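# Breakdown of the fold
If you want the building blocks of each chain, they are given just below.
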Number of protein chains: 4
Amino acid sequence: MSAEAEEQDPKEKSKTRQSIGARKNPDTEMAILDAAAEIIAEKGIGGLRMEAVARKAKAGKATLYRWWPSRGALLLAVYQRNKPSMCYSNTGSLHEDFLHFAKDLTEIWQGETGLFFKAIIAESQSDPDVAEKLKDYHAERLEALATVVERAQLRGEISQKEDPATRAELLIGLMWQRLLNNRLDETIDEHIRMLANSET
Amino acid sequence: MSAEAEEQDPKEKSKTRQSIGARKNPDTEMAILDAAAEIIAEKGIGGLRMEAVARKAKAGKATLYRWWPSRGALLLAVYQRNKPSMCYSNTGSLHEDFLHFAKDLTEIWQGETGLFFKAIIAESQSDPDVAEKLKDYHAERLEALATVVERAQLRGEISQKEDPATRAELLIGLMWQRLLNNRLDETIDEHIRMLANSET
Amino acid sequence: MSAEAEEQDPKEKSKTRQSIGARKNPDTEMAILDAAAEIIAEKGIGGLRMEAVARKAKAGKATLYRWWPSRGALLLAVYQRNKPSMCYSNTGSLHEDFLHFAKDLTEIWQGETGLFFKAIIAESQSDPDVAEKLKDYHAERLEALATVVERAQLRGEISQKEDPATRAELLIGLMWQRLLNNRLDETIDEHIRMLANSET
Amino acid sequence: MSAEAEEQDPKEKSKTRQSIGARKNPDTEMAILDAAAEIIAEKGIGGLRMEAVARKAKAGKATLYRWWPSRGALLLAVYQRNKPSMCYSNTGSLHEDFLHFAKDLTEIWQGETGLFFKAIIAESQSDPDVAEKLKDYHAERLEALATVVERAQLRGEISQKEDPATRAELLIGLMWQRLLNNRLDETIDEHIRMLANSET
DNA sequence: ACCTAAGCGAGACGGTACGTCACGTCTTGTC
DNA sequence: GACAAGACGTGACGTACCGTCTCGCTTAGGT
């Protein structure tokens, strides 16, 4: 009646894990993160229920709450594990580099990861822990992109006086806004041209 | 432990409304939207519960669900009623206009409205209706700011060839990103200078 | 794996009950008390779980707790419904009357009712509500038996000066002690002879 | 909210015990029984939790379960250690002896021991081991009191033909019933007079 | 002047998920 | 090999909301 597809696949080995002494069992952690990831893939993050995770991972709710005391904590743990790895090109042209960045990110975000990232932003509005982690993550991303700008400064493409983070932040802001409005498919070329030009 | 402050203020007149015949009672609508707005102000949108709204508005749950069948619908109704009114300055300088826009919006968002808007963005990630409405609203805002850019084009401040929405979107994207990361207080002058300069 | 026989018999009509307005639904009450009684019959009172009752009665836990806020309350409700009806004989001889009383009670208590009553006594040691109700019930029983003694006084069988409750209480105390020690099967004739004799 | 007073008193020496080799450590046993006794004193027997005992005694749960595999076993062990010692007077008058017995027992039961004994009776309804031990203990008590009756028979106070246990059991039954109904404070003189008189 | 129709408050109903608690079993590392 | 420690799966606890429902009341508009 209620049980849909959230039970463990019966074909998998279903020997139940047990304690391995007074310390965290890594098998348990993996099973739980796997279960959470699958559920998110199936029903979206809004459909993530602690009970369902425990059920699917064949773990006790107490175990779940011991290590991830909230939905947000679990969410972040899953994201950390599946974090997309961006690589920042170095073509010798800021415009090209920005273009690559935008295209790569668009591609990543158009898949499952985009749903995930949107959901984390949403969650961060109500869970301070998630908000903080997201802020850190965002800062890290910003810095990475700022490095790309810095290279352009060193090449003399753009003024050395401006803060490299400025252009980076404008680009990332644009991307966020597009992501959150489901408008990733719209053109972005003109925006990038503007951000990559030589003035300050 | 449970009873906090969500009961109707006993000082207010608490005569219960009733049917006024076979049609919607506008008092009821107002009472419900008021109640919802107050709850959101107190606990945030994440803390908005249909039951609590009904209780506070002294309305039956059936009445609530009759007119606003979901949390999202109620949310949007409240937002429509309390929508902040931005005014777009026309100083003859794009830089000044952008600066005014950013300062005004920052001020508005630093208050309750910001919480509200963030929450709507969050909600839009799980409620398609809200997402659609938000998209419309965003487009409308974008257009309004694009008009400011257009004026600069007409004045010859910037190139006529670029799409006026481009600069507008970059600015708005920046603002969204700042809002969602709780970084509205950080400086934004350099970004605006870059967005308002004459190249494309 | 866990579900044993506590699901509703599928042969019974299983249309789910619903609200009948802003008042208690007697069907629900009956279903819950039936379910509780069955569970007690199967697993004993120690095996009575609120969740299992709700499950078997196809009722929500909230409904259960709304009307019977504790295990003890539910226990008492079931007992009230199934209360054994003792009848007190009037043979013209106190000894005979006591003997009948003891035999009847022994018979009743040797069945399911005895388990039930023992469990209520046990429960009363930790639930003050149950304790109070049990005290009332005990007082009522005592009075009924005291009436038997009183008749003997009126007949002149025993002294008019003694409190008729005295003999009654000694007999009931004996019975309780036998019940609680699982010694109902041992002889009791001599005790009754002593309690029914003419002195004070 | 949860942490109350069940942690070990920090003033006490809290050096943790350890194994003394491949045999039972008597310090551990004592610490556990002490902890259990204290918890029972604080929260009643219904509040006795194996986990809490282990925590308070700074013992591992495995150790606890090794020696006392159930709540009932632990309960009995504590009771054995703290068993109240009744002494049976020998005044030369059955009435006096019974009176002393009743008064002494009332006094004992009105304190902590009474709570304890009630709880054991309650526990015995669901734990067969406890039930058996309680039955033995009860028999022992009965015999002791029967000895008092026997002395009265030898003195010629009462008939030699009756079983001395009869009167004893009636008295003890009365006491149990009073204890379990929280009616120890009510008068008992008339009952004793009746039980101590010379007829059978 | 009656009758129907709908809105209204109230709140009970079957559910699902929550986060906590205790259970009894297990494994580790220390003595 | 006994011990403290504490993680593990299990499952009941009591609470909070969900969205649906029926009730008894009120009023407006049609007859």
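Residues numbered from 1 in each chain as written. Chains lettered and ligands numbered in written order. Predicted model: local features only at pLDDT ≥ 70, side-chain atom pairs only at ≥ 80, totals over all residues. Heavy atoms only, no water.

Further remarks concern helix α4 (residues 71–82) of chain B. All names here are of chain B. When the terminal C-alpha atoms of α4 are compared, their 17 Å separation across 12 residues agrees well with the 16 Å that a helix rising 1.5 Å per residue should span. Where α4 is concerned, the buried positions are Gly72, Leu74, Leu75, Leu76, Ala77, Val78 and Tyr79. For α4, the secondary structure elements touched by its buried residues are α1 (26–43), α2 (50–56), α6 (112–124) and α7 (128–155). (Helix = DSSP H or I, 4+ residues; strand = E, 2+ residues; numbered from the N terminus. Expected span 1.5 Å × (residues − 1). Buried < 20%, exposed > 50% of the residue type's maximum accessible area, 1.4 Å probe, protein only. Contact = heavy atoms within 4.5 Å.)

Further remarks concern the protein's contact with DNA strand E. Surrounding DNA strand E, one finds 56 residues, the nearest of these being Lys61(A), Tyr65(A), Arg17(B), Asn25(B) and Tyr65(D). Among atoms of DNA strand E positioned within 4 Å of the protein, sugar and phosphate together represent 69%. Within the contact set of DNA strand E, a base nitrogen lies 3.1 Å away from a side-chain nitrogen or oxygen of Ser19(C). Gly21(C) has a polar backbone atom sitting 3.3 Å from a sugar or linking oxygen of DNA strand E. Those elements that place two or more of their residues in the surface near DNA strand E are α2 (50–56) and α3 (61–67) of chain A, α3 (61–67) of chain B, α3 (61–67) of chain C together with α2 (50–56) and α3 (61–67) of chain D. (Near = heavy atom within 4 Å. Polar contact = N/O pair within 3.5 Å; in protein donor to acceptor, adjacent residues only side chain to side chain.)

A word on the pattern of salt bridges. Scanning the entire structure with this criterion turns up 47 salt bridges over all chains. When the shortest N-O distance is used, the salt bridge between Arg155(B) and Glu157(B) registers 2.6 Å. Here Arg155(B) falls in the partly exposed class, since its relative accessible area comes to 34%. Overall, Glu157(B) belongs to the partly exposed group, its relative accessible area being 29%. Three or more residues are tied together by salt bridges with common partners; here these are Glu169(A), Arg178(B), Arg183(B) and Glu186(B). (Salt bridge = Lys/Arg side-chain N within 4 Å of Asp/Glu carboxyl O.)

A few words now on the relation of the copies chain A and chain B. Here chain A sits on chain B after a turn of 179 degrees about the axis and a move of 0.1 Å along it, with an RMSD of 0.4 Å. Here the symmetry operator amounts to a two-fold rotation axis. Taking C-alpha positions as reference, the residue of chain A nearest the rotation axis is Ala122(A), located at 2.0 Å. When you check the interface residues of chain A against chain B, 100% turn up at the interface there too, and the contact is symmetric in its surfaces. (Least-squares fit on C-alpha atoms with pLDDT ≥ 70 in both.)

A few words now on the environment of Tyr65(A). Mapped onto the elements of the fold, Tyr65(A) is located in helix α3. Residues Tyr65(A) and Leu94(A) lie 29 residues apart in sequence; the distance between their C-alpha atoms is 46 Å.

All names here are of chain D. For the pair helix α8 (residues 164–180) and helix α9 (residues 189–196), interaxial distance at closest approach is 10 Å and the crossing angle is 165 degrees. Between α8 and α9, the angle falls in the class roughly antiparallel. Seen along the crossing, α8 lies across α9 with a hand that is right-handed. Note on element contacts: α9 touches α8 through His191, Ile192, Leu195 and Ala196, opposite Arg167, Leu170, Leu171, Leu174 and Arg178. The class makeup of the residues in the contact of α8 with α9 is 6 nonpolar, 1 polar and 2 charged. (Axes fitted to C-alpha atoms, helices over the stretch in contact; angles between N-to-C directions. Parallel < 35°, antiparallel > 145°, perpendicular 65-115°, else oblique. Left-handed = near helix turned anticlockwise from the far one by under 90°. Nonpolar A, V, L, I, M, F, W, Y, C, P; charged D, E, K, R; others polar.)

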